[in-house]
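Descriptive analysis of the structure
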Amino acid sequence: MIVTILHYYSSIITIIVKNDNILYVNYTIKTEEFITTYNKASDAKKVATDIEIFIKMINNKDYKNAYECLSSEFKQNYFKTIDEFKNYVQKNFYDTNYITIKNVQTKSNVYTCTANIKSGVGVAADDMDKNFIIKLNPNAEFELSFEVE
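Residues numbered from 1 in each chain as written. Predicted model: local features only at pLDDT ≥ 70, side-chain atom pairs only at ≥ 80, totals over all residues. Heavy atoms only, no water.

**Considering the environment of Thr96**
With respect to the helices, strands and loops of the structure, Thr96 is situated in the loop between helix 5 (82–92) and strand 4 (98–107). The exposure class of Thr96 is partly exposed, given its relative accessible area of 35%. Spatially, the C-alpha atoms of Thr96 and Ile55 are 8.9 Å apart, while their sequence positions differ by 41 residues. (Helix = DSSP H or I, 4+ residues; strand = E, 2+ residues; numbered from the N terminus. Buried < 20%, exposed > 50% of the residue type's maximum accessible area, 1.4 Å probe, protein only.)

Dropping the structure here:
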């Protein structure tokens, strides 16, 4: 069950109830304060924030919202359906992904970013580098694609 609450300050809070456990999904909140802070941030910080949001969606198994973040061309080339995307993520990402942004570069209005993704916080955690391409859109929205192996 998904419960959406609209606050009088235009905040949208989505609460997901799964097997009687309440999961609070904070990436769906785009308050005025978030948008103001986001708009004032450097482009590199916006890109890092967007990748972190995408990874939170994957960690929460929220494949629908994660799939909606993908660019249309990327979906057409690699994941024509949400099930194809879900299968790829389940095989190529960790159950829980911890991300560190390594660098952000720009080409026109498109940004490339290398991120290190770990399976945990310990020394023995598995890790991988993943390249992302981000296009920043108005209203703190973004389109994303990533390196597919």
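**Examining the nonpolar core**
Counting residues in hydrophobic clusters, the biggest one holds 29 residues, and the most contacted among them are Phe54, Leu70, Phe85, Phe93, Phe132, Leu144 and Phe146. For this core, the secondary-structure elements that each account for two or more residues are helix 2 (43–59), helix 3 (63–69), helix 5, strand 5 (110–118), strand 6 (127–137) and strand 7 (141–146). Looking at which element gives the most residues to this core, the answer is helix 2, with seven residues. Those residues in contact with Leu144, other than ones at most four positions away along the chain, are Ile51, Phe54, Cys69, Leu70, Ser71, Phe74, Phe132, Ile133 and Ile134. (Core = buried A, V, L, I, M, F, W, Y, C linked by side-chain atoms within 4.5 Å. Contact = heavy atoms within 4.5 Å.)

**Here we look at the packing of aromatic side chains**
Here the structure, examined in full by the defined rule, presents 15 aromatic pairs. Taken together, the ring pairs connect Phe54, Tyr67, Phe74, Tyr78, Phe79, Phe85, Tyr88, Phe93, Phe132 and Phe146 into an aromatic cluster. The ring centre of Tyr67 lies 4.7 Å from the NZ or CZ of Lys75, which sits over that ring. The ring of Phe93 is capped by Lys130, whose NZ or CZ atom sits 5.1 Å from the centre of that ring. (Phe/Tyr/Trp six-rings, centres within 6.5 Å; stacked < 30°, edge-to-face > 60°. Lys NZ or Arg CZ within 6 Å of the ring centre and 35° of its normal.)

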